[in-house]
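Read off the chains here:
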Amino acid sequence: MAQPTDPDAQSSSPGGQAQSSVEANYQQAIAAFKAQRYDQALTYFQRLGQQPPGSPYFLKALMGRVRVHQQLGQTDAARLLCNQLVQGPSASASQWAKQVLRQLPPSAEGELGGDAQVESLSTGADSGHDLSGFMPLEQPNSQTKGATVNPDWPERGGHRPGESTPPAWAESLASEKPATAGERSLFHYQQLNQRPGEANQSQEPAPRIAGPPPQDSRGAAPSASPQTDLQSPHAQPRPRPQAPLPRRPLELWAGQGLTAIALGWAISWGLQFALKTLDRLLQWVRWPVAISLPGAHQPYTLWVMGGLLLLGLASPWLMDYCLALGFRQRSLSTRQLQGSSPGALRLLRQVCRQQGWQLPELRVIADPTPLCFSYGWQPRNTRIVVSQGLLDRLSDQEITALYGYELAGMVNHSLPVLSGLGFLLLLLYGGYRWLAKTGDTITQPLLQTILGLLASIVYGLFWLLRQIGLWLSRLRCGWGDRRAVALTQHPDHLIEGLLGFTRAIATHLQQREQRHPLQASLEILMPVGFRQALGPGNLLASSQENEAVQAMLMATDGLNPYRQWLRVNASHLPLGERLLWLHQQALVQNQPNIAPEQPSHSAQVSLPLLLLQKGPLAGLLAGGSLAMGLWFLGGIVNRLGWQRLNWLYQDPSILAGGLWLGLGLGLLLRINLLFPDAVSATAPGSPGSAEPNTVVSLLQVSNSLPVQGQPVTLRGELRGQPGIGNWGSQDLYLADPSGLVRLTNPVPLGSLQGIFQPRNHPFRWIGRRVLVTGWGRYSNGILWVDINQIRLGQQQVFQTYGPIWATLISLGASLFGIVTILRGG
């Protein structure tokens, strides 16, 4: 864990040298307590106890000693110090000590500390009106007034109290400077409790008492009281803390089980389909002897599930071999990590000691690309991998936060399924790259075309398997953020880590021509998705106003009313949505050091737009519902004996034709909105040729739904993978001075264009300046441009014809549905 810092630690008094020495001693005590070096912390607190009794550090030293004795199990010593605080002159410290006494176990010697003794010490002050002028910030079993949460913010669970972290009082003490006579105490409500005539009496300035929140009858901490000044005109309500995080994330484990079942079923179905297709091809050819493929029609589900189980168990060692052979992975010693990020090493040791683990195996990849991921199925065989570029680019605090995120995955046990799936993705992506590179070295056109088609097929399999794991990856991302905050108690550090990693990804890709293979193949294992990091990373790298960028991302991603409908193709939750939740947790834990202003409320949901966005799904549902309605009508007329209409009853052609017809109409109705008139790149004086857009401007004017296509014109350098491996434009980007944006081909089976347009295909123009026209879209934190035209000079043009293909596909599906219904079943 990063060392605690106090922005107000410097003394502002004229003779502040002694004060700064005391403050430094106090900060060392807090740091030792948070690092669980309790003996050292006790020594520092005892040294602070030598201050005069009137000093605020004297009371804080006593309270710190109480907490240390509690952690060491020395209840008698803690009880004696609490009695000293109860009998002291400070009413607020006395109230705090009484609460601690109630939490201590009863003493065998019958010392003061039980509930009866506490009640006797209270002398009636706890029941009724508090005459001391102190009102606690929170009472058990009570609701906090004025603390509200934006209803549009995504709700996620908070941390489990006491899990892997020191108590919250240490965080509060570490961030608080000693109260002076001119400062407003935390207990600024005490003036509301004064009787008439007592307001002008001199009172001792109450120190800030930082203790654990009182527990209600269910053991959960009540909502935090708003830390706002009632006299301030700019006071805003603070969000309530989230519910405690469960030790066993059953939702996450259930998601792993469902993903494993879906993965096994998909692989089994694909294997059976391939064998049956090959067998039919063999039977279609007239051989001299009848030839068939043995076992083509047998189920292989059990074999596939068993193979996947063995693959998952062996995946850590298989990944070790592949990463060491292909990407120069090696062990990272604790001494090397200490030199790069001492905070990360402290956090690793602290969490592993608390969980009863040994340190996980630390690995480093000797590459300047920023990488961070983990794999394994148990904490004892988990590997945490970072790249040398990550250690060189990010600060100690940012690296510590990323290690905390990976440790959160180990605590949640969220890696077994994703680790095995990651190995499969690594193999498929490696096979695709090998086929593509081999095809680029061959000069014979036919053989090169065959290898190009094989590479496209392997990439298609990689894409399908990746789609299966996206839901689990998003689920792991949400639980990882929640557990990381519970482990470190520093959501502000996790914010810095995610932003630093996002900025590093975008900056590094701008400096090289193509993405790293591990960024594409193991994206589901990383803290931030590669595709989702490009847009925000461009803004963070090009803008000096970090808080303004965060506010824009939170408003765009976190408050988008359609965000729950746009997560199909995203590997992680949107960065803006994650930042919104983390800022909420930082405010709850009094860490609003970089929190921007709260974004405005989200817009209202437009049902027509949502139906157009989900046009294919809505069409399938409408067609299926119409078919079922016709079946129901046919059943009624069949009972009535109407022979002309009873054919509708249970006719399979109606259901199949209705589904095809609904799909075609759903695709057709949204074409005009999806592909508005593109800006011409050749007309003289056109907006596209005179004032092209910039990558950053696309983010600033992005629409709420990707179906709302925005015509754009961009001019810049083409980046991506050269050669036949980029026939489908799956690794194509455009770089201009403001950033980088991904280019996609909206045509299905776009790899075929690499065969029929080999001379005017973008994979031949990597590294050259081009003019791109298309439609900009933004969804779930991902920014991309559907290509309409890429122009290199006046003669070389690559055209996709996306609207024409979309129209032909929709009309073809509708026509096929009509023919199916007319033919009957």
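Anything mentioned here points back to the structure above.
Predicted, not measured: the structure shown is a model, and the values here were computed from it.

Draft legend 1. Quick peek at the overall build of the chain. A tally of regular secondary structure across the chain gives 28 helices and 10 strands. Taking all 825 residues of the chain together, 51% fall into the buried category. Sequence-distant contacts, at least 24 apart, represent 73% of the contacts inside the chain between residues at least 6 apart. Carbon and sulfur atoms make up 58% of the accessible area of the chain, which amounts to about 38100 Å² in all.

Draft legend 2. The arrangement of the nonpolar core in detail. Ranked by size, the top nonpolar core spans 74 residues in total, and within it Tyr403, Val741, Leu743 and Ile790 carry the most contacts. Counting 44 residues, the second largest nonpolar core, distinct from the first, contains Leu245, Leu263, Val417 and Leu426.

Draft legend 3. A look at the sheet that holds strand 4 (residues 383-387). Taking strand neighbours across the sheet as the criterion, the 4 strands line up as 1-2-4-3 in an open arrangement whose pairing is mixed. Whereas interior strands pair on both sides, the edge strands pair on one side only; in this sheet they are strand 1 (329-331) and strand 3 (372-375). Strand after strand, the sheet turns through a mean of 30° between neighbouring axes, direction not considered. Strand direction decides the pairing type here: strand 3 and strand 4, joined by 4 bridges, are antiparallel.

Draft legend 4. The arrangement of the pattern of salt bridges in detail. Scanning the entire structure with this criterion turns up 13 salt bridges. The partner of Asp320 in a salt bridge is Arg383, with the nearest N and O atoms 2.7 Å apart. Placement of Asp320 in helix 9 (residues 301-327) and of Arg383 in strand 4 is noted, with a sequence separation of 63 residues between them. Like Asp320, the residue Arg383 is buried in the burial classification. Across the pair Arg719 and Glu717 runs a salt bridge whose closest N-O atoms are separated by 3.5 Å.

Draft legend 5. Main features of unusual backbone geometry. Non-glycine residue Arg328 carries a positive phi angle of around 55°. One can find Arg328 in the loop between helix 9 and strand 1. One non-glycine residue, Gln489, lies in positive phi territory at about 60°. Looking at the element boundaries, Gln489 is found in the loop between helix 15 (445-488) and helix 16 (491-511).

Draft legend 6. Main features of the packing of aromatic side chains. If you walk through the whole model with that rule in mind, you get 12 aromatic pairs. Taking the centre distance of 5.3 Å and the plane angle of 10° together, the rings of Trp269 and Phe273 count as stacked. Note that Trp269 and Phe273 are positioned in helix 8 (residues 250-284) at a spacing of 4 residues, about one turn of the helix. Of the residues examined, Phe273 reaches a relative accessible area of 48% and is grouped as partly exposed. Aromatic side chains Tyr432 and Tyr459 sit 5.0 Å apart centroid to centroid with 55° between the ring planes, which places their arrangement in the tilted category. Of this pair, Tyr432 sits in helix 14 (residues 416-440) while Tyr459 sits in helix 15, placing them 27 residues apart in sequence. Neither residue differs from the other here; Tyr432 and Tyr459 are each classed as buried. The lysine or arginine in question, Arg777, covers the ring of Phe675, its NZ or CZ lying 5.5 Å from the ring centre.

Draft legend 7. Layout of the packing of helix 16 against helix 18 (residues 530-542). In contact at an axis separation of 7 Å, helix 16 and helix 18 are set at 90° when each is read in the N-to-C sense. Relative to helix 18, the element helix 16 is oriented roughly perpendicular. Along its contact with helix 16, which presents Leu499, Thr502, Arg503, Ile505, Ala506, Thr507, Leu509 and Gln510, the element helix 18 presents Phe530, Ala533, Leu534, Pro536, Gly537, Asn538, Leu540 and Ala541. Split by residue class, the contact of helix 16 with helix 18 holds 10 nonpolar, 5 polar and 1 charged.

Conventions used here
- Residues numbered from 1 in each chain as written.
- Predicted model: local features only at pLDDT ≥ 70, side-chain atom pairs only at ≥ 80, totals over all residues.
- Heavy atoms only, no water.
- Helix = DSSP H or I, 4+ residues; strand = E, 2+ residues; numbered from the N terminus.
- Buried < 20%, exposed > 50% of the residue type's maximum accessible area, 1.4 Å probe, protein only.
- Contact = heavy atoms within 4.5 Å.
- Areas by Shrake-Rupley, 256 points an atom, 1.4 Å probe, with all protein chains shown as cover.
- Core = buried A, V, L, I, M, F, W, Y, C linked by side-chain atoms within 4.5 Å.
- Pairing = 2+ DSSP bridges.
- Axes fitted to C-alpha atoms, helices over the stretch in contact; angles between N-to-C directions.
- Salt bridge = Lys/Arg side-chain N within 4 Å of Asp/Glu carboxyl O.
- Phe/Tyr/Trp six-rings, centres within 6.5 Å; stacked < 30°, edge-to-face > 60°.
- Lys NZ or Arg CZ within 6 Å of the ring centre and 35° of its normal.
- Parallel < 35°, antiparallel > 145°, perpendicular 65-115°, else oblique.
- Nonpolar A, V, L, I, M, F, W, Y, C, P; charged D, E, K, R; others polar.

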